[in-house]
Amino acid sequence: MPGSIATRTLLRPSSIDEALTMLRDEGPLVPMAGCTDLYVALNFGTLADTRFLDLSRLDALAAIDVRGGALSIGALATHTDLIRSPLVRRRLPMLAAAAREIGGVQIQNRGTLGGNVANASPAGDTLPVLAAADATVVLRSAGATRRVPFNAFYTGYRQTVRRPDELIVSFEIAPIRGRQAFRKVGTRAAQAISKVVMAVVAGEAPRVAVGSVAPTVIRARRTEAALAAGASIADAQRVLLEEIAPIDDIRSTAEYRRRVAASLLAGLLSARRP
Amino acid sequence: MASRVRKAVGRNVLRKEGHDKVTGAARYIDDLTFPGLLHARTIRSTIPAGEIARVRFKGDRGGFTLVDHHDIPGRNIVALIDDDQPCLAERTIRHAAEPILLLVHDDREKLLAAEVQIDYRPSTPNYDPETSAVTFKTIAIDKGDLDAGFAAADVIVEGEYRTGHQEQLYIETNGVIAVPGDSVTGADRGITVYGSMQCPYYVHRALMILLGLPAEKVRVIQTETGGGFGGKEEYPSIIAGHAALAALKTGRPVKLVYDRVEDMLATTKRHPSIVRHRTGVTKDGRLTAVDIDAVFDGGAYATLSAVVLSRGMIHAAGPYRCDHIRIRGRATMTNTPPNGAFRGFGAPQTQFAAEVHMDRIAERLGLDPVRIREINALRPGDTTATGQRLGKDSSALQVLREAVKRTEFKKRRRALARANGPAEAGRHGAAKGIGLSLFFHGSGFTGAGEVKLAAKASLALTDRGARIHVASTEIGQGTRTMLAQIVADALGVKYDDVDVNAADTGEVPDSGPTVASRTCMIVGRILERCAEEMRARLGRLTPRQYLRTFGPLVITKQYERPAGMVWDDTLYRGDAYGSYGWGCDVVEVDVDRDTFEVRPTAFTSVHEIGKAIHPAFAVGQIEGGSAQGLGYALLEEVVMRDGRMANATLTNYIIPTSLDTPPMTIVLLENPYPHGPSGAKGVGEMPIDGPAPAVVNALRHAGFDLREIPATPERVMVASK
Amino acid sequence: MTSVPFVSFVLNGRRKKLAVHPMKRLLDVLREDCGLTGTKEGCGEGECGACTVLLDGTPVNSCLVPAAHADGARVTTIEGLGGRHRLQRAFVEHGGAQCGICTPGMILAAVALGPRPSLQTIKVGLAGNLCRCTGYSAIYRSIRNA
């Protein structure tokens with residue numbers, strides 16, 4: 001049964017500037033885009049917020065293009081957009097791979113990259129990709145634009161550095177050298193919450209990012225350093241296990257997550273999977 | 001009567017209500033509204049055991065009606081078997097989500113925003129069915145001399161097997177609308193309840209007792225129902241009772257529809273089981289002694305535990321012959337929401353154990369899984385655990401051999417074993433396995449159950465053909481279509497000229513519940529007899545001519561037990577069921593060595609069902625039931641925390657999606673049951689008995705020894721050590 | 001611009017203008033304000049797909065779409081297929097519908113697959129539509145025979 005809507009307000013700006021002005025002057029406002037997380041909370045009666053800012057008309061925020069050599073993905077790009085974008089498939093294939101694993105087509109058609117990031121779930125499927133990609137989060141407020149490294153974006157469980165008067169407008173990803181790989185282990189073959197989700201860039205400067213094994217997505221820096229220094233896969237796995245802190249929850253166990261995280265590392269680094 | 005009409009039985013005629021279902025015209029309970037409709041919400045216990053100390057409605061009461069046990073005019077029970085369950089809790093709480101209070105309001109938002117504070121005096125809950133102090137039912141089945149059987153054994157194999165809860169997960173949740181008075185005739189006393197349900201007369205009886213009303217003042221009308229699988233067999237009596245109390249107190253129609261979370265938290269699930277086997281066998285593979293002990297977790301109230309246990313125990317030895325059998329079963333109480341009916345009804349649990357155990361016996365003896373079953377499978381003339389002598393329509397060997405042939409089982413088994421090779425650390429790629437299960441399933445109510453039910457069916461002559469009046473419900477399995485096919489052929493009219501009345505207690509007799517795989521075999525047969533008599537009465541007249549000459553013609557008949565069926569309810573001996581269906585499943589699995597995820601890659605199921613009245617619908621039951629069985633085997637786990645389901649959302653209770661379901665090869669065999677319509681037996685439940693043991697046997701073949709389902713990756717990982 | 005008092009969209013080919021709260025779920029707008037009950041609620045969390053409608057031709061879970069997002073869009077529900085769509089016929093002829101509660105959403109998701117989809121395309125395209133009755137096989141058969 002849906003939660004109450006009578007007491008809620010929706011503001012519908014028709015430009016980014018208007019949206020930012022509203023955020024500054026008429027807050028608090030929760031930005032709303034694809035609604036695939038927000039409306040689940042509404043339906044379950046767990047949504048405490050009452051004032052919302054509808055971003056859905058701000059088409060410019062969905063653009064995917066190359067700017068100054070970097071891949072720029074608008075915050076409102078949907079997962080379907082990511083799957084279909086030739087630019088994403090060429091330059092950031094691990095992101096297209098992650099988008100394909102999110103929900104079913106109905107969710108992919110509506111859910112956005114910005115929403116996945118803003119929702120800040122430790123199990124978010126695109127988060128390890130952006131972490132491994134060393135993406136930059138572009139935030140705008142009425143007065144300014146700032147860029148925050150994705151790997152500094154989360155400060156704790158579901159906590160981000162986004163200020164209440166800011167919008168995530170896009171993500172910028174510099175060209176990546178090395179082979180990209182992604183794997184999500186979920187509760188079933190489709191429409192699954194991840195138990196472990198990992199993105200890897202293999203090569204001279206390896207990068208390893210993992211979700212669902214800590215309160216936020218993490219870059220396994222010590223594992224990367226070990227690999228860069230020539231460590232064996234087995235040694236790298238040992239280091240990885242020291243960097244992650246999975247828990248038992250209703251979906252899985254800490255022991256399973258540890259075992260699988262180690263296996264995924266080996267698998268993704270060796271490009272073994274079909 | 002024209003006898004050149006094309007036969008309907010055995011053909012894939014169009015589903016009676018198919019057009020409505022594909023156009024959005026079919027009306028399910030939440031699609032209906034009534035003038036002056038109010039909405040209700042159920043306030044439930046948040047503790048698993050204890051007493052209610054105080055109930056307080058907080059805030060503005062304007063527009064609210066509150067309903068509690070004081071408002072019950074009749075008896076505060078959910079009438080079923082033991083009558084131990086209150087409709088609304090008075091003081092004692094026995095499970096989390098136990099209903100205490102109803103709130104009624106015309107504004108759904110205000111309803112949801114209302115707060116009720118309940119103070120409790122908690123007591124210590126028990127979640128362990130084995131140490132429970134309350135036993136709902138025990139069943140003992142004895143055959144032969146168990147000690148002699150063990151004395152004759154060369155080898156004894158023991159095992160303990162566990163199954164968990166399973167949620168029926170019909171895509172349409174439970175819902176009803178209660179309307180004061182007789183909604184159809186306009187009479188202003190009594191109550192009418194519309195709703196999603198399998199058994200209108202169960203609800204009817206429960207409401208009579210709850211509301212203290214005579215039969216003719218209670219009317220129950222089934223609306224188009226979006227799946228049941230047993231989850232809407234007995235549960236609707238509770239939600240109907242709640243809505244009816246609210247409607248009577250307010251004098252207005254009241255709609256009560258659960259959202260998914262409430263439905264999963266509060267309604268019945270499959271009984272978890274612990275089944276222990278101790279089996280004596282000769283070294284050449286013949287069973288000499290079967291000793292089984294089972295504990296079923298009934299949850300907080302008895303509901304149908306006695307009958308679930310009954311069916312479970314009767315099927316516990318599997319489709320095998322043995323002269324010395326002892327089966328002991330008990331259903332006990334725990335402080336969790338009551339468990340109840342779910343397709344299979346005890347047999348999936350016990351046949352899981354029996355079939356996994358059988359493979360372990362084979363392994364111990366160095367026999368292959370097919371050989372051990374060929375040696376021991378029941379044959380016509382053999383007697384079951386209850387001493388029932390099986391007739392010619394017993395097909396264990398046929399289904400086994402067909403499945404083995406179709407899947408090239410023995411060849412595949414050798415090939416996969418070679419492909420897996422010796423276990424090495426660091427091996428990647430999938431471990432592969434193939435497994436099979438042999439199973440059977442009795443159709444109809446156990447023992448003297450059908451005699452006690454005394455099901456009735458009526459057939460009314462219409463201008464072009466006839467209209468069927470039964471309480472059997474369409475819940476997706478094809479009831480309306482299949483019964484119309486049977487009547488059409490027996491009457492000698494076209495399928496399109498037979499219609500089916502709504503399952504409305506004001507207009508149909510009590511045909512018994514739509515459960516136990518009985519709708520075709522039992523109710524269909526009664527209708528067949530009605531149609532045969534109607535045809536005889538018509539003689540050479542067309543229906544229209546008859547009606548013009550003689551006026552209305554309605555033929556009503558009652559269940560007749562086939563001659564020779566004998567059952568002793570005290571000793572639990574005799575003919576447990578009129579007939580059995582027989583099945584054999586073969587599944588191949590890939591196990592990812594990195595993640596321990598199990599993927600069924602091929603699935604074959606051979607079912608012998610007497611006669612396929614509608615072959616495509618029979619295949620539909622097998623495909624659908626098998627998918628539920630695969631979910632039971634691999635994915636579906638109810639996580640209980642403090643006696644409450646912790647994963648009560650579709651995000652976290654995992655049923656198979658399209659990508660989780662393998663391609664299926666279904667084979668129908670027909671070995672007619674003489675007393676079924678056109679020889680038909682039941683098919684609705686049997687398909688869910690087979691997949692779980694076949695999967696676990698495939699996992700064993702792949703190198704993972706599991707004794708418990710669901711075989712989640714976490715459990716497969718533990719088994720890999 | 002603040003909250004829109006009206007939501008205007010094209011519903012099954014006809015213009016609709018409704019005074020509804022912009023955050024009301026599209027599912028409820030269709031079922032209550034438009035009187036079209038063919039679109040069903042199965043979970044309220046975007047997992048079952050029974051609420052699937054086409055929004056500008058793409059399948060979405062209407063239980064997760066605010067009315068405001070239908071503003072200016074084309075919405076197609078099961079009622080908009082007219083009753084004689086090849087997929088509707090096929091689902092009846094080939095057993096794609098048993099209890100029928102998932103069927104409207106399933107058919108619309110299938111419409112979005114386009115003509116003659118491969119089995120793999122079907123499986124991926126329907127991964128967001130749960131069916132508990134059929135085990136999916138008859139649904140695939142229906143779509144491939146449409």
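Residue positions are counted from 1 within each chain, in the order its sequence is given. Written order decides the labels, with chains lettered from A and ligands numbered from 1. The model is predicted, so local features are restricted to residues of pLDDT at least 70 and side-chain atom pairs to those at 80 or more, both for listing and for counting; the totals for chains, interfaces and linings are taken over all residues. Remark: hydrogens and water are excluded; side-chain values derive from all non-hydrogen atoms of the structure.

A few words now on the overall build of chain B. Starting at the N terminus, helices and strands are each numbered in turn, a helix being any DSSP run of H or I of at least four residues and a strand any DSSP run of E of at least two. A tally of regular secondary structure across chain B gives 18 helices and 28 strands. Only C-alpha atoms enter the radius of gyration, while the globule expectation follows 2.2 Å times N to the 0.38, with N the number of residues. Taken against the 2.2 N^0.38 rule, which gives 27 Å for 721 residues, the C-alpha radius of gyration of chain B at 26 Å falls within 12% of a compact globule. Its C-alpha atoms give chain B principal-axis dimensions of roughly 75 × 75 × 50 Å. Here chain B displays about 24,200 Å² of accessible surface, and carbon together with sulfur accounts for 48% of that area. The convention is simple: Lys and Arg are positive, Asp and Glu are negative, and His and the chain ends are not counted. To locate a charge, take NZ of a lysine, CZ of an arginine, CG of an aspartate or CD of a glutamate. Of the charged side chains in chain B, 89 are positive and 87 negative, and the gap between their average positions amounts to 4 Å. Residue-level accessible areas treat just the shown protein chains as cover; the underlying method is Shrake-Rupley with a 1.4 Å probe.

Residues and elements named next belong to chain C. The source of the domain bounds is an automatic or database domain assignment. Taken domain by domain, chain C holds domain 1 (6-80) and domain 2 (82-145). Taking only C-alpha atoms, the centre of domain 1 and the centre of domain 2 are 20 Å apart. Between domain 1 and domain 2, the residue contacts involve 16 residues of the former and 13 residues of the latter. Summed over both partners, the interface of domain 1 with domain 2 comes to about 1,100 Å²; 65% of that surface belongs to carbon and sulfur atoms. We define a salt bridge as a side-chain nitrogen of Lys or Arg found within 4 Å of a carboxyl oxygen belonging to Asp or Glu. On the surface where domain 1 and domain 2 come into contact, there are zero salt bridges. Whenever a nitrogen or oxygen atom comes within 3.5 Å of another N or O atom, the pair is scored as a polar contact, on the condition that within protein one atom can donate a hydrogen and the other can accept it, and that pairs from neighbouring residues in sequence are kept only if both atoms are in side chains. If you look at where domain 1 meets domain 2, you find five residue pairs in polar contact (both at pLDDT 80 or more). The element contributing the most residues to the side of domain 1 that touches domain 2 is strand β3 (residues 52-55), with three residues. Tallied by class, residues from the side of domain 1 that touches domain 2 come to six nonpolar, seven polar and three charged. Throughout, a residue-residue contact means that at least one pair of heavy atoms, one from each residue, lies within 4.5 Å. Here's the idea: put two parts together, see how much 1.4 Å probe accessible area each one loses, and the total over both is what we call buried area. Residue type decides the class: Asp, Glu, Lys and Arg count as charged, Ala, Val, Leu, Ile, Met, Phe, Trp, Tyr, Cys and Pro as nonpolar, and the leftover types, Gly among them, as polar.

All names here are of chain A. The geometry of helix α10 (residues 233-243) relative to helix α11 (residues 254-269) is characterised by a closest axis approach of 9 Å and an angle of 140° between their N-to-C directions. Considering the angle they form, α10 stands oblique to α11. Crossing of α10 against α11: the hand is right-handed. Only R258, A261, A262, S263, L265, A266 and L269 of α11 make contact with α10, whose side of the interface consists of I233, A236, Q237, L240 and L241. Each residue belonging to the contact of α10 with α11 can be placed in one class, and the counts come to nine nonpolar, two polar and one charged. Axis definition: a line fit to C-alpha positions, over the contact stretch in the case of helices; interaxial angles, taken between N-to-C directions, run 0 to 180 degrees. Note on terminology: angles under 35 degrees are roughly parallel, angles over 145 are roughly antiparallel, angles of 65 to 115 are roughly perpendicular, and the others are oblique. By definition, any crossing whose near helix is turned counterclockwise from its far helix by less than a right angle is left-handed, and any crossing with a clockwise turn is right-handed.

It is worth spelling out the sheet that holds strand β20 (residues 554-558) of chain B at this point. All names here are of chain B. A pair of strands is labelled paired if DSSP reports no fewer than 2 bridges between them. Taken in spatial order, the four strands of this open sheet run β19-β18-β17-β20, and their pairing is mixed. Looking at strand neighbours, the two that pair on one side only are β19 (498-500) and β20, the edges of this open sheet. Across the sheet, the mean angle from the axis of one strand to that of its neighbour is 20°, orientation sign disregarded. In this sheet, β19 lies alongside strand β18 (residues 466-469) in parallel orientation, the contact comprising three bridges.

A separate point is the interface of chain C and chain B. Residue-level contacts link 42 residues of chain C with 48 residues of chain B. Ranking the residues of chain C by area buried against chain B places C:V92, C:Q98 and C:R132 at the top, with a combined share of 23%. On the surface where chain C and chain B come into contact, there are six salt bridges. In this structure, the salt-bridge partner of B:D31 is C:R31, at a minimum N-O distance of 2.8 Å. Linking chain C with chain B are 29 residue pairs in polar contact (both at pLDDT 80 or more). Those elements that place two or more of their residues in the side of chain C that touches chain B are α1 (26-33), α2 (86-93), α3 (103-111), α4 (119-125) and α5 (137-144) of chain C.

The next thing to look at is the nonpolar core. The term nonpolar core refers to a set of buried residues drawn from Ala, Val, Leu, Ile, Met, Phe, Trp, Tyr and Cys, joined through side-chain atoms within 4.5 Å. Only protein chains enter the area calculation, which uses a 1.4 Å probe; residues under 20% of their type maximum are buried, those over 50% are exposed, and those in between are partly exposed. Counting residues in hydrophobic clusters, the biggest one holds 124 residues, and the most contacted among them are A:M198, B:I327, B:V591, B:L699, B:F704 and B:V716. Counting residues in each nonpolar core, the second largest holds 45 residues, with B:M645, B:I688, C:L54 and C:L113 among its members.

Residues and elements named next belong to chain B. Most of strand β14 (residues 287-297) sits inside the fold, with 10 of its 11 residues counted as buried. Strand direction decides the pairing type here: strand β13 (residues 273-281) and β14, joined by nine bridges, are antiparallel. Bridge pairing in β14 links V275 to A294. Linking β13 back to β14 in an antiparallel pair, the connection comprises five residues, with G285 at a positive phi of about 100°. Where β14 meets strand β15 (residues 325-332), eight bridges bridge the pair, whose relative direction is parallel. What sits directly across from D291, in β15, is R326.

Before going further, it helps to examine the interface of chain A and chain B. Accessible area lost when the parts come together is the quantity often used to give the size of an interface. Taken together, the 29 residues of chain A in the interface contact 30 residues of chain B. With both chains or domains summed, chain A and chain B bury close to 2,600 Å², and 55% of this area falls on carbon and sulfur atoms. Inspection of the chain A/chain B interface yields four salt bridges. Close ionic contact of A:E255 with B:K721 constitutes a salt bridge, the shortest N to O distance being 2.2 Å. For the pair chain A and chain B, the number of links is 13 residue pairs in polar contact (both at pLDDT 80 or more). Elements with a contribution of two residues or more to the side of chain A that touches chain B: β11 (179-186) and α11 of chain A. Per-element tally for the side of chain A that touches chain B: the top contributor is α11(A), with six residues. A per-class count over the side of chain A that touches chain B returns 13 nonpolar, seven polar and nine charged.

For the purposes of this analysis, a disulfide is any pair of cysteine sulfur atoms at a distance within 2.5 Å. Counted by the stated rule, this structure contains zero disulfides over all chains. This cysteine, C:C133, is not joined by any disulfide, and C:C99 carries the nearest cysteine sulfur, 3.7 Å off.

The next thing to look at is the domain arrangement of chain B. All names here are of chain B. Annotation of chain B at the domain level lists domain 1 (18-28 + 455-558), domain 2 (32-124 + 169-266) and domain 3 (136-167 + 269-446 + 574-719). Once you take the C-alpha centre of each, domain 1 and domain 2 turn out to be 32 Å apart. Of the roughly 1,800 Å² buried between domain 1 and domain 2 on both sides combined, carbon and sulfur atoms contribute 54%. Area buried by domain 1 at its contact with domain 2 is led by Y28, I475 and T505, which between them contribute 37% of it. Taken together, the links from domain 1 to domain 2 amount to four salt bridges. The salt bridge partner of E224 is K21, with a shortest N-O separation of 3.6 Å. The interface formed by domain 1 and domain 2 includes 10 residue pairs in polar contact (both at pLDDT 80 or more).

This part takes up the confidence of the model for chain C. Per-residue confidence for chain C gives a mean pLDDT of 96, with 97% of residues at or over 70. Interface predicted TM-score (ipTM) for the complex: 0.98; the corresponding pTM is 0.97. Confidence scores here are pLDDT values: one per residue, from the predictor, ranging 0 to 100.

This brings us to unusual backbone geometry. In this structure, A:P28 follows A:G27 across a cis peptide bond, with omega equal to 0°. Look at the link from B:I709 to B:P710: it is a cis peptide, with omega at 5°. Tracing the sequence through the fold places B:P710 in the loop between β28 (708-709) and α18 (713-719). A positive phi angle is found at B:L169, which is not glycine, with a value near 55°. Residue position: B:L169 is located in the loop between β8 (155-163) and β9 (175-180). We note that B:S517 has phi near 55°; this positive angle belongs to a residue other than glycine. Mapping B:S517 onto the fold places it in the loop between β19 and α14 (519-538).

What follows deals with the side chain of B:T23. When you line up the elements, B:T23 lands in helix α1 (residues 18-23). Within the local environment of B:T23, its side chain forms a polar contact with the backbone oxygen of B:D20, the two atoms lying 3.3 Å apart. A distance of 3.4 Å separates the side chain of B:T23 from the backbone nitrogen of B:A25, its partner in a polar contact. Contact partners of B:T23, with chain neighbours within four places excluded, come to C:I78, C:E79, C:G83 and C:Q88.

Right, let's talk about the packing of aromatic side chains for a bit. All names here are of chain B. Here a pair means two rings of Phe, Tyr or Trp (six-membered ring of Trp) with centres within 6.5 Å. Their orientation is stacked below 30 degrees between planes, edge-to-face above 60, and tilted elsewhere. If you walk through the whole model with that rule in mind, you get 11 aromatic pairs over all chains. A centroid spacing of 5.7 Å and a plane angle of 80° characterise the contact between Y577 and Y580, whose relative ring orientation is edge-to-face. What makes Y580 buried here is its relative accessible area of 3%. An aromatic cluster of at least three residues, connected via ring pairs, comprises F440, Y577, Y580 and W582. Here the guanidinium or amino end of K16 rests over the ring plane of Y495, the centre of that ring lying 3.9 Å away. Two conditions define a charge sitting above a ring: the NZ of Lys or the CZ of Arg must be within 6 Å of the ring centre, and it must be within 35 degrees of the ring normal. When the ring centre of Y170 is taken as origin, the NZ or CZ atom of K232, which lies over that ring, is 4.5 Å away.

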